Amino acid sequence: MLVGREVERELISEFVLGGGEAVLVVRGEPGVGKTAVLDMTAEIAVAQGVRVLRAAGLEYEAELKFGALNQLLHPLLDGVGELSPAHRQALNVIMGLEPGAMPSQLIAGAATLALLKAAVVQGSSLLLLVDDVQWLDLSSTMALSYAARRWTGTDIRMLVAVRADADDGFTRSGFRVHDLAPLDDGDSDRLLRSTFPALSARVRRRLRDDAQGNPLALLELPAAFAEDKAPADLPAVLPLTDRLQRLFADRLAGLPAGTRRMLLFVILAGTENSLALEDCAPTPNGQADLPPAERAGIVRVNPHTGRMEFRHPLIRSAVIEQSSSEERRHVHRILAEAFADQPQRRAWHLGQAAIGPDEEIAASLETLSQNMIRHGDSRRAAAAMLRAAELSPADSDRARRIARAAYLGASITGDLADTARLLSQANRTDARDTPSLEAAVAAAAQLLNDEGDATTAGRLLLATIEVHERDIDSGRDTMVEALHTLLYVGFFSGRPELWHDIDKVLERAKPQPTDTLSLLHNIFADPIAATPEDLRHLEHALDGLRFTSDPLRIVRVVTAGACIDHIGEAREALWRVIADGRRGGAIAKAIEALFLIAQDDWFEGNWDELIEVTAEGLQLCAEYGYTLLAGPGNLLRALVDAARGNTDAADLAAEELLLWAAPRRLTTFAAYSSHIRCLIALGQSAFDEAYRHAAAVNPPGRFPHYTPLALWLVLELTEAAARSGRVAEARAHAEAAVAAGVPELSSKLRMVSTAALALTAEQDWRELFDDALATHDSQRWVFERARVELLYGERLRREREPASARAHLALAAQAFERLRAIPWLDRARSELRAAGEPVEVRSVLTPQERAVAELAASGLTNKEIAERLFLSARTVSTHLHRVFPKLGIATRGALRDAMSKHSG
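Quick notes on the rules
- Residues numbered from 1 in each chain as written.
- Predicted model: local features only at pLDDT ≥ 70, side-chain atom pairs only at ≥ 80, totals over all residues.
- Heavy atoms only, no water.
- Helix = DSSP H or I, 4+ residues; strand = E, 2+ residues; numbered from the N terminus.
- Buried < 20%, exposed > 50% of the residue type's maximum accessible area, 1.4 Å probe, protein only.
- Contact = heavy atoms within 4.5 Å.
- Areas by Shrake-Rupley, 256 points an atom, 1.4 Å probe, with all protein chains shown as cover.
- Lys, Arg positive; Asp, Glu negative; His and termini not counted.
- Salt bridge = Lys/Arg side-chain N within 4 Å of Asp/Glu carboxyl O.
- Polar contact = N/O pair within 3.5 Å; in protein donor to acceptor, adjacent residues only side chain to side chain.
- Pairing = 2+ DSSP bridges.
- Axes fitted to C-alpha atoms, helices over the stretch in contact; angles between N-to-C directions.
- Core = buried A, V, L, I, M, F, W, Y, C linked by side-chain atoms within 4.5 Å.
- Expected span 1.5 Å × (residues − 1).
- Parallel < 35°, antiparallel > 145°, perpendicular 65-115°, else oblique.
- Left-handed = near helix turned anticlockwise from the far one by under 90°.
- Nonpolar A, V, L, I, M, F, W, Y, C, P; charged D, E, K, R; others polar.
- Patch = residues over 30% accessible without salt bridge, like charges linked within 9 Å, V, L, I, M, F, W, Y side chains within 5 Å.
- Charge placed at Lys NZ, Arg CZ, Asp CG, Glu CD.
- Phe/Tyr/Trp six-rings, centres within 6.5 Å; stacked < 30°, edge-to-face > 60°.
- Lys NZ or Arg CZ within 6 Å of the ring centre and 35° of its normal.

Some words on the overall build of the protein chain
On a plain count of helices and strands, the protein chain comes out with 46 helices and seven strands. Within the protein chain, buried positions represent 56% of all 904 residues. Considering only residue pairs separated by 6 or more positions, the protein chain has 67% of its internal contacts joining residues 24 or more positions apart. For the protein chain, the exposed surface amounts to about 37600 Å²; the carbon and sulfur share of it is 50%.

Side note on the side chain of Arg5
Looking at where Arg5 falls in the secondary structure, it is placed in the segment before helix H1 (6–16). Although Arg5 lies buried, it forms no salt bridge, and the closest oppositely charged side chain, Glu8, sits 4.3 Å away as judged by the N-O distance. Within the structure, the side chain of Arg5 is placed 2.7 Å from the backbone oxygen of Ala181, a separation counted as a polar contact. Residue contacts for Arg5: discarding those within four places in its chain leaves Val32, Leu180, Ala181, Pro182, Leu183 and Pro215.

Quick notes on unusual backbone geometry
The backbone phi angle of Asp132 is positive, close to 50 degrees, even though this residue is not glycine. A positive phi angle is found at Arg665, which is not glycine, with a value near 55 degrees. Tracing the chain through its elements places Arg665 in the loop between helix H33 (647–661) and helix H34 (667–683).

Here's the deal with the pattern of salt bridges
Under the defined criterion, the tally for this structure stands at 64 salt bridges. Arg820 is the salt-bridge partner of Asp608, the closest N and O atoms lying 2.9 Å from each other. Within this pair, whereas Asp608 is found in helix H31 (residues 607–624), its partner Arg820 is found in the loop between helix H41 (802–819) and helix H42 (822–834), the two being separated by 212 residues in sequence. The class of Arg820 is buried, set by a relative accessible area of 8%. Residues Glu762 and Arg731 are paired through a salt bridge, measuring 3.7 Å at the closest nitrogen-oxygen approach. Taken together, the residues span a long stretch of sequence, with Glu762 in the loop between helix H38 (747–760) and helix H39 (765–773) and Arg731 in helix H37 (residues 727–739) at a distance of 31 residues. Arg731 sits in the partly exposed class, given a relative accessible area of 26%. Look at the salt bridges and you will find they share partners, linking Glu359, Glu366, Asp397, Arg400, Arg401, Glu438, Asp471 and Arg476 into a network.

Here we look at the pairing of strand E4 (residues 156–163)
Summarising burial for E4: seven of the eight residues are buried, a large majority. Sheet topology places strand E1 (residues 23–28) next to E4; six bridges connect them, and they run parallel. Within the sheet, the bridge partner assigned to Arg27 lies in E4 and is Val162. Note: strand E3 (residues 126–131) against E4, five bridges, orientation parallel.

Considerations on the sheet that holds E3
Backbone hydrogen bonds are what pair the strands of a sheet, in a parallel or an antiparallel way. Ordered in space as E2-E3-E4-E1-E5, the five strands form an open sheet in which the pairing is parallel. On the outer flanks of this sheet lie strand E2 (51–56) and strand E5 (176–179), each paired with one strand and no other. This sheet shows a mean twist of 20 degrees between the axes of neighbouring strands, independent of strand direction. H1 contacts E1, E3, E4 and E5 of the sheet and is inclined by roughly 145 degrees relative to E4. Against the sheet, helix H2 (residues 34–47) engages E1, E2, E3 and E4, with an angle of about 165 degrees to E3.

Observations regarding the nonpolar core
By size, the foremost hydrophobic cluster in this structure holds 191 residues, and its most contacted members are Trp602, Phe783 and Phe816. Top contributing element to this core by residue count: helix H30 (residues 587–604), with eleven residues. Excluding residues within four positions of it along the chain, Phe816 makes contact with Phe783, Ala786, Arg787, Leu790, Ala821, Trp824, Leu825 and Ala828. Of all hydrophobic cores here, the second largest spans 45 residues; its members include Leu238, Met262, Ile315 and Ile320.

Describing the environment of Ile107
For Ile107, the position within the fold is in helix H5 (residues 105–122). Take Ile107: its relative accessible area is 32%, and that puts it in the partly exposed class. Sequence separation between Ile107 and His87 is 20 residues; the distance between their C-alpha atoms is 7.0 Å. Excluding residues that lie within four positions of it along the chain, Ile107 makes contacts with Ala86 and Ala90.

Re H30
At 3.6 residues per turn, the α-helix brings residues three or four places apart onto the same side. If you check H30, its first and last C-alpha atoms are 26 Å apart, about what 18 residues at 1.5 Å a residue would give, namely 26 Å. The buried fraction of H30 amounts to 18 of the 18 residues, a majority that puts the element mostly inside the structure. Positioned one or two residues after H30, Gly605 has a phi angle of 80 degrees, which is positive.

Overview of the packing of helix H18 (residues 359–374) against helix H19 (residues 378–390)
In a pair of packed helices, the angle between the axes and the distance between the axes together describe the arrangement. One can describe the packing of H18 onto H19 by two numbers: an axis separation of 8 Å at closest approach and a directional angle of 165 degrees. Classified by the interaxial angle, the pair formed by H18 and H19 is roughly antiparallel. For H18 against H19, the interelement crossing comes out left-handed. For the pair H18 and H19, contact is made by Ala362, Leu365, Glu366, Leu368, Ser369, Met372 and Ile373 and by Ser378, Arg380, Ala381, Ala382, Ala384, Met385, Arg387 and Ala388, respectively. Its residues placed into classes, the contact of H18 with H19 shows ten nonpolar, two polar and three charged.

Brief notes about a negative patch on the surface
Negative charge collects at one region of the surface, where Glu10, Glu14, Glu864 and Glu867 lie side by side. Secondary-structure elements contributing two or more residues to the negative patch are H1 and helix H44 (862–869). Following the sequence through the fold, Glu14 ends up in helix H1. For Glu14, a relative accessible area of 48% gives the class partly exposed.

Some remarks on the packing of aromatic side chains
Using the criterion set out here, one finds 16 aromatic pairs in the structure. Taking 4.7 Å as the distance between ring centres and 10 degrees as the angle between the ring planes, the aromatic pair formed by Phe769 and Tyr792 counts as stacked. Here Phe769, found in helix H39, pairs with Tyr792, found in helix H40 (residues 782–798); they are 23 residues apart in sequence, far enough to count as distant. When its relative accessible area of 0% is taken as the criterion, Phe769 is described as buried. Relative accessible area serves as the criterion here: at 4%, Tyr792 is assigned to the buried category. Residues Phe783 and Trp824 carry aromatic rings whose centres are separated by 5.5 Å and whose planes lie at 90 degrees to one another, so their mutual orientation is edge-to-face. Remark: Trp824 occurs in helix H42 and Phe783 occurs in helix H40; sequence separation between them is 41 residues. The burial state of Phe783 is the same as that of Trp824; both residues are buried. Looking at Arg380, its charged tip hangs above the ring of Trp348, at a distance of 4.8 Å from the centre. The residue whose ring lies beneath Lys748 is Phe603, and the NZ or CZ to ring-centre distance is 4.2 Å.

Points about helix H6 (residues 138–148)
The element H6 is extensively covered by neighbouring structure, given that nine of its eleven residues are classed as buried. Of all the positions in H6, only Ser139, Ser140, Thr141, Ala143, Leu144, Ser145, Tyr146, Ala147 and Ala148 are classed as buried.

Some details on the environment of Leu83
Tracing the backbone shows Leu83 in the loop between helix H3 (67–73) and helix H4 (85–94). A relative accessible area of 10% places Leu83 in the buried class. In the structure, Leu83 is positioned 98 residues away from Ala181 in sequence and 42 Å away in space, judged by C-alpha atoms. Setting aside residues up to four positions removed in sequence, Leu83 forms contacts with Arg88, Leu91, Ala111, Ala114, Leu115 and Ala118.

Quick word on the packing of helix H24 (residues 477–493) against helix H26 (residues 516–525)
Where H24 contacts H26, the axes come no closer than 10 Å and their chain directions differ by 15 degrees. Classified by the angle between their axes, H24 and H26 sit roughly parallel to one another. The handedness of the crossing between H24 and H26 is left-handed. Residue-level contacts link Leu483, His484, Leu487, Tyr488 and Phe491 of H24 to Thr516, Leu517, Leu520, His521 and Phe524 of H26. Grouping the constituent residues of the contact of H24 with H26 by class yields seven nonpolar, three polar and no charged.

Here's what the structure looks like:
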């Protein structure tokens, strides 16, 4: 089965069995898989009992008259003797069986048709497969075209393959053309995984970028990746194998030397080539040398950016392969001069032109790397830092810069797997007993992200920061990163004694109130201690994200406001980070951004999107080895499962989080587990169990410092305590939330804190519930508001006000049904029935919903159902989302029994 060619398999199967026209032209770029499609066609045909004849055009036989026809018809020689004398003689001459002048095109075509028809009469259907039609001799093309237009109604079919840029006779004759597209990213990754399972995710991404879906390139390019090389160590342009050279380098053969030098200039100028072309050129004619490459279809000018772009990245590789190292350095020197007034661009090109250690250039590249991160160019930032290390004369500077590159890989670009190798290289380079701050930060990032060892990471950072105490308030980038990493260690560890040490370090560091370091410490880590001034600084920082591409700043600022519900104000900035990660940029930050979007989706009720983004984030965590970062994604996905009644999946996630947290003493992960199990228990009205899990996160009546997850459980803990007979604890917790200033942090927290007071109040509870629901923006928090409506309706029913109760309970039920929160929907419907309103638990399915549900219950996938009912897979998914709450189920596995009961 060819990867990513399902459409072609379906098309070919229909074609072989006699559907549609009798001739099909498969057209595509070199290496896109045309021959593989012909091979697949032959397999399908043979399996159907169809006889297959094959031929291929050969470049060196393009002038040999009837050469391809000879090759194609040779297996039918035994039937030539049964033809008319004129046709028999024509074919014998074509086959070289007797001397004589070659027949005319008309006679050759008629003889070919006669022989093919005779072969069909004698036996099975016949399929002709002709590859590389662009090199077919004209005589064979004309004879086959003549025959093809006249065998309609017979069991003869022909499939030919041709390059996309060729001017072939079959396409010009008007036969049906199918353009064979490159593989998409998903199929490209599948092909790489199945063929080269040892390749890392980062390397596969690099291959996909360069191959652009070309299957041959995907299979050949891995030869460029040595096992001991990190992606940042690899050349900017990958070398080509001999086979790829034949496909791509040959296109350059006819170009003038000046044009080839200009193409090298365009490549090395990178995204700035339009600017560079205006200022300088390596040839006397300058831009006038480029038109031959444009006419050959090798490059084009992007009308939007003005940049020169190559038709395929591998042509760039071919240009580099044909240049010498001195030619490339020469071009970089020219570019460095052209960008003399632009220090960052000049530094990059000087770094590429250098041939030996140079501290001035190395220092410029280090600065460039830091600036690249701020401008969202993380892919080149690590490469610039490694080049700075290579050019460092002093061992200590070289080791420090290697360690800095290791940190960038672990914390930003997704190269966590290479961190240990780079740190080992740095340690071998620098023989000093005291580790550099860069090495400590990189090692801590690896310990935290890969192994979840917050304890060791914290000790390492605290000890190294103490050694470098003189730099603690310097604002130096590495010290700032060390302090940020220390904050994340504190968050995941969650241990008070570690926070005590972190606080002392930050007091000495004296960060500005507007720094992300202050925002994260004062708001994210300890939200109940946040001051109004802190919140104003946060608002200003969030507003400023519109103007930055720095993935570190975007993620850190949004994280600072995450626990107090400010993510929604920066979704657009987060999607920019995600888009950059999808392009292979800041992978680690893209993972965090995906989970921040998912957190916002949880509270705003966009649970289907939450499932999509957490799936993407968790896949990236698995591919790149970010075990710790997966924790928030697993939490959010499990919360949806818990709310929707997928109890087994939610409980398994909670258990896995707890098992991973326990030996590492990760209090936050243990709190994640408790939160999931609390929500499961609340949905099942198991209030005593829910109380135990909620109280494990923070005790009732208290909001300890550095326990941000406590804000997520204000209403959960209060409800569980009240409904399990712990009224005093419930009241104490509701009052403690108000005393701690929780309602002032966000509209959601105001709503749930007021509802918690209403839940425990003996007097004025109606006013409190009304105030909770009247909170500004309360409609935004779909699930939380529905729960408040439910609690209000339950209280009204117990107070013997059924009519008022029904109004609130109906609103709660509608929201729960829309969210497919089945356990909560059941609670609301049960209360509605108790309030005197008859509830039809099984809503009537529409005819199409019933058809979709029945097929899904039989085990068909969404794609199979879509094909069966002539719908799109998305439409099938939408119908199933409506069916589940109507049937009172939460999983696909429950469909069979539910449909059986519904039919009964």
